[in-house]
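# Close look at the chain arrangement
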Amino acid sequence: MKYYLTTPIYYVNAAPHLGTAYCTFAADLIKKFRLMQGFDPVVLTTGSDEHGQNVERAAKAIGITPEAYATSVAEEFVSQWKKLGIDVDRFIRTSDPSHYETVRDLFERCQRNGYIYKGSYTGQYCFHDELYVTEAKPGDPCPDCGRPTETVTEENYFFRLSAFQDKLLELYDKNPDFIRPDYRRNELISFVRGGLKDLSITRTSIQWGIPAPVEGHHVFYVWFDALTAYISAVKGQDLWPADLHLIGKDILRFHAIYWPAFLMAAELPLPKAVFAHGWLLFQENKMSKSRGNVVRPAPIADVMGADGLRYFLMREITFGQDGNFSYDALIERYNADLANGLGNLASRTLTMIKQYRGGVIPESDGAQDVAITARATVQQTIDLFDRFEFSRGLEIVWSFISVLDKFIVERAPWKLAKDAEPFSQKLLDETLYTAAESLRIICGLLWPVMPQATAKIRAQLGISTAAADLRLADLHWGKLQAGAAIGEIAGVFPRLEMKPTIQKIQELEIAEKARQDAILGKKPAVEPDRISIDDFAKVDLRVGQVLSAEPVKGADKLLHLKVDIGEPQPRTIVAGIAEAYQPDQLVGRRVVIVANLQPRKLRGLESNGMIVAASLEGGKPVLAGFHEEIPVGARLK
Ligand SMILES: [Zn+2]
């Protein structure tokens, strides 16, 4: 039986980060677990959502085509997933011509069935950024530039979403597993019960998109285009419908309302399930590009291996709920569970087999009490993984690791090894076989979670079969071959020192950010130069009073001022304020003067200081002044 699963088709306005890696890691875990369960083929799709105004603008800003821009970001996604050891089967780009066909086909099917109509869309538009601000009310500012948005109406095509309220509720009712977890399902049902509005699915204001098969210039808008990629990725391969769409909770409505409605309208099969995971929080906030609190996965993978990161995310966070990410917690858990836990069990087991049995797995059935615990561990973990309760499943595996640690200490093989009695030697065989066989089973169970690290340990145990061929039946007790030689022993999870490790990751993070920013065409953020209080104190700002003001011959913008700043002689100052102030407006007025500026000559007149005025770029200058009485010569500080 086939199993087809997807991650979201990630939007190319941001480079891959820990949030997108989290979802894609989980998808790879589920893929591997379904393979172990015997599904065949198991196909994982991810991809890049490339159209729309944001991409158009980002490309324009760096002077390249939207195609070229989207290509470089899509390539970054592909190479990141590879680097992180994620085994993707299909990478669909929404700019792929075969995807254009799928989207048009979906539209025409919906149209034939009477679910498309032409209407007018009214929204709040920012003319500066050339985009609609969704969910804004008239007069609301644009979130990008802060300018007020304007109400704009354009003609476009609508999808009759309102016709699907009852059909969707029936779908959720008949298929309780369609939306998971349960708490999100309940939220969504009450949202749909509140009524659904028809959906505008084309735009005339966008260039970079899939042209709709209609008269005039209309391109498909966001979801009608992006969601359909799940079908395009496996067209003609007997894999649709998807068995699982794995997504973040912020896009649940689109996947659980729009998407099944589009498919019902087109009379196409619906996906079996949508699972919405929570957000990764960093410093208490959702990790996002706009907050600037993004953590990138590659620097962590460089320092502890991608599997260490992957294990942490799956163990630390209850899949489905929000969870906190912190470097401290990452390294603490790595050291406790991987370096000291699994890594230590592997190295002591293998070292003892090498020392006491010449590197050959001894003959034994193993200790029966441990075999029973192993069977229970396998069963419970499989059940939990099957329900996507990865954290609890891993907890069960680690309690088995503690059982083994205790077992080894109690058996004290280092004492048995010194005793030549046949009974002791038999007990030593049993102890070593039990530890090795448990380790083999643990590595099998953990393969979907840590594919690279478990493959290394399996090789050290002398197992030559490929991990991809692992099936649940391989987790039965007693499959470890006695008489087989173990491989070369090497530590898989070296212990990490907290401070230097975090420092190293953060250094790599800076370089990684710069590398990704270059792909996105962003200029490196320049830290604004801060000045110290001493720097500020160097500027001698004084209250002055204008005694006289005259135009400067041949210079429209300049005024020639005499200003009393409490010194024996008034200052001569030439100021570029003639377009904003008449000379007689200024006489007697209190102003602010930079008193210690080096003298300079303007139009043959010496200027001894500068008058302080404020203006926006290109705007008219407004002189600084005071609301209360202030004596001439007072210093500003
Ligand atoms: Zn704007």
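Anyway, here's the lowdown on the structure attached to this text. (Residues numbered from 1 in each chain as written. Predicted model: local features only at pLDDT ≥ 70, side-chain atom pairs only at ≥ 80, totals over all residues. Heavy atoms only, no water.)

The next point concerns the packing of aromatic side chains. All chains considered together, the criterion is met by 35 aromatic pairs. Ring centres 5.1 Å apart and planes at 80 degrees place the aromatic pair Tyr121 and Tyr132 in the edge-to-face group. Separated by 11 residues along the polypeptide, Tyr121 in strand 4 (residues 116-126) and Tyr132 in strand 5 (residues 131-132) bring together distant segments of the chain. The burial state of Tyr121 is the same as that of Tyr132; both residues are buried. When the centroid spacing of 4.9 Å and the interplanar angle of 90 degrees are considered together, the rings of Phe159 and Phe262 count as edge-to-face. Of this pair, Phe159 sits in strand 6 (residues 150-159) while Phe262 sits in helix 9 (residues 252-265), placing them 103 residues apart in sequence. (Phe/Tyr/Trp six-rings, centres within 6.5 Å; stacked < 30°, edge-to-face > 60°. Helix = DSSP H or I, 4+ residues; strand = E, 2+ residues; numbered from the N terminus. Buried < 20%, exposed > 50% of the residue type's maximum accessible area, 1.4 Å probe, protein only.)

Right, let's get into the pattern of salt bridges. For the structure on display, the rule yields 32 salt bridges. Across the salt bridge formed by Asp89 and Lys31, the nearest N and O atoms sit 3.0 Å from each other. On the criterion of sequence distance, the pair formed by Asp89 in the loop between helix 3 (66-83) and strand 3 (90-93) and Lys31 in helix 1 (residues 18-36) is long-range, its members being 58 residues apart. With a relative accessible area of 32%, Asp89 lands in the partly exposed category. Its salt-bridge partner being Lys118, residue Glu155 comes within 3.6 Å of it at the nearest N-O pair. Here the residue Glu155 occupies a position in strand 6, and Lys118 occupies one in strand 4, the gap between them amounting to 37 residues. Residue classification places Lys118 among the partly exposed residues on the basis of a relative accessible area of 45%. Among the ionic contacts, a cluster of salt bridges with common partners joins Lys2, Asp243 and Lys272. (Salt bridge = Lys/Arg side-chain N within 4 Å of Asp/Glu carboxyl O.)

This brings us to the sheet that holds strand 2 (residues 42-49). Taking strand neighbours across the sheet as the criterion, the six strands line up as 3-2-1-11-12-7 in an open arrangement whose pairing is parallel. The sheet terminates laterally at strand 3 and strand 7 (179-180), the two strands that pair on one side only. Strand direction decides the pairing type here: strand 1 (residues 3-11) and strand 11 (residues 244-248), joined by two bridges, are parallel. Of the residues in strand 11, the one forming a bridge with Thr6 is His245. (Pairing = 2+ DSSP bridges.)

Below, the discussion takes up the sheet that holds strand 15 (residues 323-325). Here we have three strands laid out as an open sheet, ordered 14-13-15, and mixed in their pairing. Among the strands making up the open sheet, the edge pair consists of strand 14 (285-286) and strand 15. When strand 13 (residues 280-282) meets strand 15, the two strands line up parallel, connected through three bridges. Looking at strand 15, one finds that Leu280 is bridged to Gly323.

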